[in-house]
Amino acid sequence: MSNPMKENQITTDPSKPAQRMRAGSLRIAALPWVIAGLALLVMPFVFNDNSAITIMNQMAITIIFALAYNMLLGQGGMLSFGHAVYAGVGGFACMHVMASTDFFAMLPLPVLPIFGGLFGMGLAMIVGSFSTRSAGTVFAMISLGVGELIAACSVIIVAFFGGEEGISGDRTYGMPFFGIEFLQQIEVYYLIAFWLMVSALLMYLFSRTPIGRMANAVRDNPERAEFLGYSSRWVRYYSFIFSGFFAGIAGGLFAINYEIVTEENLNTASSGVILLVTFLGGVGFFFGPIIGAIAFTLLQTVLSLQTDLWAFYAGVLFLATVMFFPGGLAGLLMMHVPAIKMGRASKLVVPYITTLIPALIGILGLSALVEMTFHVRHSSVGDEEMTVFWTTFDSHDLLPWAVAIGVTVVAFAVMRMMLPTLRAAWADANATKANTSNGGAA
């Protein structure tokens, strides 16, 4: 008599590695993507200034680049110090397509980023053929060397890179797309927003494929992945070339938005920035680079209009991320999921208010001291007045220094005094039923 349970049981062939580890479902929750798409449609009506639209364009390009970089670092465990070269080469390729006026006149502008993606993928295929044989220090050093090599070639190979001045173009020479010539910045915004949604969706789907799943396995334990019959090198290689493709897409969108590409788009500093952005947002989560790109772009654009020390504050934020919350900003958000699921998140509201407000005031006081020190050290002779937090005062007077020091010390003292209450509330909000019953029995 046959057993119906065994007849309905799913069996796999051990000789086929693809069946030994099933990929995640390619079905996605549509609601977050619909909300994101609606937000992208509405944002130009909320922030309708041209400068704000330009900032949003830069933010979207950085998001695509950061998500592409996260395919290496977050999903594959490959730390790259030269990933900006793939975005840069993609941008230069798109600028050359713009310069080919006869060909560009027959090409709709929304198609142009594909050329950047293909050039970025082509370069990734060449570099990845020898750099993805191993991860860790070897891969990082090879990526750094390749980045420095191509950055040096950008000054030597003038025919392609344009030397120190770079290459400029005009996006309006392309064939109109349904009558749109992309003369206005808002038209470029919707083009970039479209590519942002498409690229993010494709990268998310890639993370759900067998290669994307195996990239996580190779990242965590390459020896076990090899034992199961998967080639760690080929998994890293495929992840690398797809990451190069989407980095090239970001470079092409940069060329469309700014209509100029220079050596700065592919040097080591740009690679370091995208590493900072990705790590700041959180490499362990798909949406982490999105948060990091938004935060860093606001620091780079909005904060830079208020102070010359924005890079100093960005560095301090990155250092604090590494030291205190290595999961990034996304990790901080995800820490609250258990408390939310258990319905105890409300217990954290008051402790957060009583602790974080003094901490914020202390940070503002400390930043005021930094700004005052910078002004005293670097201001010209006779320039003694400065403005901090919409307040103008004499930086050489003793009273502003005393107020800033007093506010900083008192605020951090109050924060430290409230920390035990916050810790107790956090433990109570995240305590499981078993821990609660054990505590009651004790």
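Residues numbered from 1 in each chain as written. Predicted model: local features only at pLDDT ≥ 70, side-chain atom pairs only at ≥ 80, totals over all residues. Heavy atoms only, no water.

1. Here's the deal with unusual backbone geometry
With the exception of glycine, the majority of residues adopt a negative phi angle, and the majority of peptide bonds are in the trans configuration.
Working step 1: We note that F182 has phi near 60 degrees; this positive angle belongs to a residue other than glycine.
Working step 2: Summarising the element assignment, F182 is placed in the loop between β1 (167–168) and α10 (185–208).
Working step 3: Despite not being glycine, E259 shows a phi value in the positive range, around 60 degrees.
Working step 4: Here E259 shows up in the loop between α13 (232–258) and β2 (260–261).
Working step 5: When its relative accessible area of 23% is taken as the criterion, E259 is described as partly exposed. (Helix = DSSP H or I, 4+ residues; strand = E, 2+ residues; numbered from the N terminus. Buried < 20%, exposed > 50% of the residue type's maximum accessible area, 1.4 Å probe, protein only.)

2. Side note on the pattern of salt bridges
Working step 1: Taken as a whole, this structure holds three salt bridges when the rule is applied.
Working step 2: A salt bridge links R171 to E259; its shortest N-O distance comes to 3.9 Å. Taken as a pair, R171 in the loop between β1 and α10 and E259 in the loop between α13 and β2 lie far apart in primary sequence, 88 residues in all.
Working step 3: Linking D428 and K347 is a salt bridge whose minimum nitrogen-to-oxygen distance equals 3.3 Å. Separated by 81 residues along the polypeptide, D428 in helix α20 (residues 398–430) and K347 in the loop between α18 (337–341) and α19 (349–378) bring together distant segments of the chain.
Working step 4: On the basis of relative accessible area, D428 is assigned to the partly exposed category, the value being 40%.
Working step 5: Looking at K347, the relative accessible area reads 39%, which means it is partly exposed. (Salt bridge = Lys/Arg side-chain N within 4 Å of Asp/Glu carboxyl O.)

3. Some points on the side chain of T301
Working step 1: Tracing the backbone through its elements, the reader meets T301 in helix α15 (residues 288–301).
Working step 2: In terms of polar contacts, T301 uses its side chain to reach the backbone carbonyl oxygen of T297, at 2.5 Å.
Working step 3: Leave out the neighbours within four places in its chain, and T301 touches I55 and Q58. (Polar contact = N/O pair within 3.5 Å; in protein donor to acceptor, adjacent residues only side chain to side chain. Contact = heavy atoms within 4.5 Å.)

4. Regarding the packing of aromatic side chains
Working step 1: Applying the stated rule across the entire model yields 21 aromatic pairs.
Working step 2: Between the aromatic rings of F177 and F178, the centroid separation amounts to 4.8 Å while the plane-to-plane angle is 85 degrees, which identifies the pairing as edge-to-face.
Working step 3: The exposure class assigned to F177 is partly exposed, which follows from its relative accessible area of 31%.
Working step 4: Ring plane angle 35 degrees and centroid distance 6.0 Å describe the contact between W234 and Y238, whose orientation is recorded as tilted. Residue W234 and its partner Y238 are both found in helix α13; the two are separated by four residues, about one turn of the helix.
Working step 5: Classification of W234 by relative accessible area gives partly exposed; the value is 46%. (Phe/Tyr/Trp six-rings, centres within 6.5 Å; stacked < 30°, edge-to-face > 60°.)

5. Brief notes about the packing of helix α4 (residues 50–76) against α13
Working step 1: Their axes nearest at 8 Å, the elements α4 and α13 cross at an angle of 170 degrees. Of the possible angle classes, the one that applies to α4 and α13 is roughly antiparallel. Contacts between α4 and α13 involve T54, N57, Q58, I61, I64, F65, A68, Y69, M71 and L72 from the former and S239, F240, F242, S243, F246, A247, I249, A250, L253, F254, N257 and Y258 from the latter.
Working step 2: Its residues assigned to classes, the contact of α4 with α13 shows 16 nonpolar, six polar and no charged. (Axes fitted to C-alpha atoms, helices over the stretch in contact; angles between N-to-C directions. Parallel < 35°, antiparallel > 145°, perpendicular 65-115°, else oblique. Nonpolar A, V, L, I, M, F, W, Y, C, P; charged D, E, K, R; others polar.)

6. Concerning the confidence of the model for the chain
Working step 1: Mean pLDDT over the chain works out to 86, with 91% of the residues at or above the 70 mark.
Working step 2: Contacts from residues 1–24, a stretch scored under 50 in pLDDT, to residues over four places away or in other chains number 21 contacts. (pLDDT = per-residue confidence, 0-100.)

7. Structural notes on the packing of α4 against α15
Any two packed helices are characterised by how steeply their axes cross, that is the angle between the axes, and by the distance between the axes.
Working step 1: The geometry of α4 relative to α15 is characterised by a closest axis approach of 8 Å and an angle of 140 degrees between their N-to-C directions. When the axes of α4 and α15 are compared, the pair comes out oblique. Pair α4 / α15 crosses with right-handed handedness. Listed contacts from α15 to I55, Q58, M59, T62, I63, A66, L67 and N70 of α4 are P289, I290, A293, I294, T297, L298, Q300 and T301.
Working step 2: Residues belonging to the contact of α4 with α15 are distributed by class as follows: ten nonpolar, six polar and no charged. (Left-handed = near helix turned anticlockwise from the far one by under 90°.)

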